[in-house]
Amino acid sequence: MSDISGGGYTRSDHAEVGRWWSVGYAIRLAVAMVLAGAVVGAILGPVGLLLGQLSVAWSGGSLSYPAWMYGQAALLQATLGVLIGSSGSLAMVLLLPRPATRRALLLRIAAGPMIAGGLLIVLSLFWGATGLPSLLLQTAFGCAVFVLAGMLARSTRIESIVPE
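Residue positions within a chain follow its written sequence, with the count starting from 1. Restriction of local features to residues with pLDDT of at least 70 applies here, the model being predicted, together with a cutoff of 80 or more for giving and counting side-chain atom pairs; totals for whole chains, interfaces and linings are based on all residues. As a rule here, side-chain values cover all heavy atoms of the structure and leave hydrogens and water aside.

Overview of the overall build of the protein
The criterion, for reference: Per the convention used, a helix needs a DSSP run of H or I reaching at least four residues, while a strand needs a run of E reaching at least two, with both numbered from the N terminus. Between buried and exposed lies partly exposed: a residue is buried under 20% and exposed over 50% of the maximum accessible area for its type, with that area taken using a 1.4 Å probe on protein chains only. Pairs of residues are marked as contacts when any of their non-hydrogen atoms sit within 4.5 Å.
Looking only at helices and strands, the protein features five helices and two strands. Along the protein, helices and strands appear, N-terminal first, in the series β-β-α-α-α-α-α. Counting over 164 residues, the protein shows a buried share of 35%. Within the protein, residue pairs in contact and separated by at least 24 positions form 72% of the contacts whose partners lie at least 6 positions apart.

And the structure:
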């Protein structure tokens, strides 16, 4: 027997062991999360350099980066987006018990960018907490892209999931 908690999660008895997702669902979700992590990282990497240039320009200085640094920033951030963001979201969705609502599933899908954003915010605290508004906006952007990717991959419909 299972019941729904106040937070929207399904509490399962120990007798109800087994996965709630199908292999096809897991593959669709994994592809969507990996692509979302790569896209978010590839966008936010060069944007971080551009924001640095903008802040220097506002203070009256001049800063320029060679073109290869934009590609390097995109590749590095895309790799980190796939490793941290995608794996965090996949783990939250596939390792926890079946979510009771679509909202709970969407929160689990957005967990990867929230983990990555939280790590960046903690790291920024060591440098005087500079750039917190930018980090919060980047985290929100990452969450939106992950949720959109989950919706496009049709992985947010709980009732259609049948284990194989």
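Some details on the environment of A140
Topologically, A140 is positioned in helix α5 (residues 132-152). Once the C-alpha coordinates of A140 and P113 are considered, the two residues, 27 residues apart in sequence, prove to be 8.0 Å apart.

Looking at the nonpolar core
Using the following cut-off: Grouping buried Ala, Val, Leu, Ile, Met, Phe, Trp, Tyr and Cys residues that are joined through side-chain atoms within 4.5 Å yields what is termed a nonpolar core.
One finds Y25, L29, M33, V93, L94 and I109 to be the most contacted residues of the largest nonpolar core, which totals 19 residues. Going through the elements one at a time, α1 (23-58), α2 (67-95), α3 (102-109) and α5 are the ones with two or more residues in this core. With eight residues, α1 is the single largest residue contributor to this core. Once residues lying within four places of it in the same chain are set aside, the contact partners of M33 are S86, S89, L90, I109, F146, A149 and G150.

Some points on the side chain of Q138
Among the structural elements, Q138 can be located in helix α5. The class for Q138 is buried, based on a relative accessible area of 17%. When sequence neighbours within four positions are dropped, the list of residues in contact with Q138 reads L44 and L51.

Quick word on the packing of aromatic side chains
Remark: the centre distance and the inter-plane angle together describe each pair of aromatic rings, the angle taken between the planes. Rule in force here: Pairing of aromatic side chains requires ring centres within 6.5 Å, counting the rings of Phe and Tyr and the six-membered ring of Trp. Pairs whose planes differ by under 30 degrees are stacked, by over 60 edge-to-face, and all others tilted.
Following the criterion strictly, the structure yields two aromatic pairs and no others. Ring centres of W20 and Y25 lie 5.6 Å apart, and the angle between their planes is 55 degrees; on these two criteria the pair is classed as tilted. Here W20 and Y25 have matching classes, each one buried.

Describing the environment of Q72
One can find Q72 in helix α2. Judged by its relative accessible area of 45%, Q72 falls in the partly exposed class. The spatial distance from the C-alpha of Q72 to the C-alpha of P46 is 8.6 Å, given a sequence separation of 26 residues.

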